[in-house]
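The lines below spell out each chain.
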Amino acid sequence: MNYHVLTLFPEMIEQGLHTSILGRAMEKGILSLKAVDIRDYTEDKHRKADDYPYGGGAGMVMQAEPVFRACQAVQDSIKGKKARVIYTTPQGRVFDQTLAEELSREEDLIFLCGHYEGIDERVLEEVVTDYVSIGDYVLTGGALPAMVMIDAISRLVPKVLSNEASAEFETFHDNLLEYPQYSRPEVWNGKPVPKVLLSGNHDRIEDWRKEHSILRTRKRRPDLYKIYQDQEKSVSEAK
Ligand code: 6GU
């Protein structure tokens, strides 16, 4: 997977994503990341990439031409078919695990990060394929959302996680939250680890974990629990 991030703050992207698991996957060549400074594509000698909004109003708008040229340069550098261009915006489809899985199957992804009051609509119409938000709250810019999405997508790319199974049986598998986890010591703060987990009986442990995934989802995420129930119903009806 090759990520290309178009932004006015390339150092934020570079610094944020080269650590830990993703850093290791980049060293191994499983992932690559290029942060592209949109200012490098300005024609203006002051490298100005934004201007006042037509019609007035607060803040500045990123101009169309530098964004267009930066995006063209990246598309031209990619061999094969044109890459999807994801514009990070609170006005987009809300990012979730299903979209992360879909995007993890792409060879290249371009993230276009808006800053300030956004980007001139005309260039968005020309280059963007996907409008994606990370949730219903407002951030100062698109760099953090791009990093969040890159993290979630990357761990689904084959070989990024050392333990292949660990991306499979976890939160959101089957629309359930993950079961509670425990490690040593066996008693902490007067609280013992649930006995069944010490039993060595893997069938019983699996049953316990499934049960607690369901209980936890019902309590903490009734919205997900409903999806899980509907899904179970349609599975049993199909039989
Ligand atoms: Cl994707 N971008 C920005 N700028 N703000 C957001 C967002 C994205 N998702 C939620 N708030």
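Provided above is the structure to which this section pertains.
These notes cover the structure that comes with them.

Rules used throughout
- Residues numbered from 1 in each chain as written.
- Predicted model: local features only at pLDDT ≥ 70, side-chain atom pairs only at ≥ 80, totals over all residues.
- Heavy atoms only, no water.
- Helix = DSSP H or I, 4+ residues; strand = E, 2+ residues; numbered from the N terminus.
- Rg over C-alpha atoms; globule rule 2.2 N^0.38 Å.
- Buried < 20%, exposed > 50% of the residue type's maximum accessible area, 1.4 Å probe, protein only.
- Contact = heavy atoms within 4.5 Å.
- Areas by Shrake-Rupley, 256 points an atom, 1.4 Å probe, with all protein chains shown as cover.
- Lys, Arg positive; Asp, Glu negative; His and termini not counted.
- Charge placed at Lys NZ, Arg CZ, Asp CG, Glu CD.
- Polar contact = N/O pair within 3.5 Å; in protein donor to acceptor, adjacent residues only side chain to side chain.
- Phe/Tyr/Trp six-rings, centres within 6.5 Å; stacked < 30°, edge-to-face > 60°.
- Patch = residues over 30% accessible without salt bridge, like charges linked within 9 Å, V, L, I, M, F, W, Y side chains within 5 Å.
- Salt bridge = Lys/Arg side-chain N within 4 Å of Asp/Glu carboxyl O.
- Near = heavy atom within 4 Å.
- Expected span 1.5 Å × (residues − 1).
- Arc of directions from axis to C-beta.
- Core = buried A, V, L, I, M, F, W, Y, C linked by side-chain atoms within 4.5 Å.

**Considerations on the overall build of the protein chain**
1) Next: Per the secondary structure count, the protein chain includes 8 helices and 9 strands.
2) Next: Relative to a compact globule of 239 residues, whose C-alpha radius of gyration would be 18 Å, the protein chain shows 22 Å and is clearly more extended.
3) Next: Counting only C-alpha atoms and orienting by the principal axes, one finds that the protein chain spans roughly 70 × 45 × 40 Å.
4) Next: For the protein chain, the residues scored as buried account for 40% of the 239 residues in total.
5) Next: Long-range pairs, those at least 24 residues apart, make up 72% of the contacts in the protein chain with a sequence separation of at least 6.
6) Next: Carbon and sulfur atoms provide 50% of the accessible area of the protein chain, an area that totals close to 15,000 Å².
7) Next: Positive and negative charge centroids in the protein chain, built from 31 and 39 side chains respectively, lie 6 Å apart.

**Overview of the side chain of aspartate 120**
1) Next: Note on placement: aspartate 120 falls in the loop between β6 (108–113) and α5 (121–127).
2) Next: Taking relative accessible area as the criterion, aspartate 120 reaches 17% and is therefore assigned buried.
3) Next: Reaching out from aspartate 120, the side chain makes a polar contact with the side chain of arginine 122 at a distance of 2.7 Å.

**Some details on the packing of aromatic side chains**
1) Next: This structure, assessed with the given rule, holds 3 aromatic pairs.
2) Next: Measuring from ring centre to ring centre gives 6.3 Å for tyrosine 3 and phenylalanine 111, while their planes differ by 45°; the resulting arrangement is tilted. Of this pair, tyrosine 3 sits in strand β1 (residues 2–7) while phenylalanine 111 sits in strand β6, placing them 108 residues apart in sequence.
3) Next: Judged by its relative accessible area of 0%, phenylalanine 111 is buried.
4) Next: Residues tyrosine 87 and tyrosine 131 carry aromatic rings whose centres are separated by 6.0 Å and whose planes lie at 85° to one another, so their mutual orientation is edge-to-face. Remark: tyrosine 131 occurs in strand β7 (residues 130–133) and tyrosine 87 occurs in strand β5 (residues 84–94); sequence separation between them is 44 residues.
5) Next: Classification of tyrosine 87 as buried rests on a relative accessible area of 7%.
6) Next: Note on tyrosine 131: relative accessible area 32%, which makes it partly exposed.

**Observations regarding a nonpolar patch on the surface**
1) Next: A cluster of nonpolar side chains, Phe9, Met12, Tyr116, Tyr137, Leu139 and Leu144, forms an exposed patch at the surface whose accessible area comes to about 530 Å².
2) Next: Here tyrosine 116 is to be found in the loop between β6 and α5.
3) Next: The exposure class assigned to tyrosine 116 is partly exposed, which follows from its relative accessible area of 38%.

**A closer look at the site of the ligand**
1) Next: Close to the ligand lie Thr88, Thr89, Pro90, Val132, Ser133, Ile134, Gly135, Tyr137, Leu139, Gly141, Gly142 and Pro145.
2) Next: Measuring from a nitrogen atom of the ligand, one finds a backbone N or O atom of glycine 141 at 3.4 Å.
3) Next: For the ligand, the protein covers 96% of the area, taking 290 Å² as the surface of the free molecule.
4) Next: Contributing elements (two or more residues each) for the shell around the ligand: β5 and β7.

**Topic: helix α7 (residues 202–220)**
1) Next: Across its 19 residues, α7 extends 26 Å between first and last C-alpha, which sits within 8% of the 27 Å expected from 1.5 Å per residue.
2) Next: Within the sequence span of α7, burial applies to Ile205, Trp208, Ser213 and Thr217. Seen along its axis, α7 keeps its buried residues to an arc of 160°; they face one direction. The exposed residues of α7 that point more than 90 degrees off its buried face are Asp203, Asp207 and Lys219.
3) Next: Next to the buried residues of α7 lie α8 (222–238).
4) Next: Looking at where α7 begins, the residue whose side-chain oxygen comes 3.2 Å from the main-chain nitrogen of aspartate 203 is asparagine 201.

**Details of the nonpolar core**
1) Next: In terms of nonpolar packing, the biggest core is built from 31 residues, with Tyr3, Leu31, Phe95, Phe111 and Ile153 touching the most fellow members.
2) Next: Among the elements of the structure, β1, α1 (10–17), α2 (20–27), β2 (32–37), α4 (97–104), β6 and α6 (143–154) are those that each provide at least two residues to this core.
3) Next: At 7 residues, the largest contribution of residues to this core is made by α6.
4) Next: In this structure, tyrosine 3 is in contact with Leu31, Ser32, Leu33, Lys34, Leu109, Phe111, Ile150, Ile153 and Ser154, ignoring residues within four places of it in sequence.
5) Next: Counting 22 residues, the second largest nonpolar core, distinct from the first, contains Val36, Ala49, Met62 and Val127.

Geometric descriptors of this kind do not, in isolation, establish any biological role.
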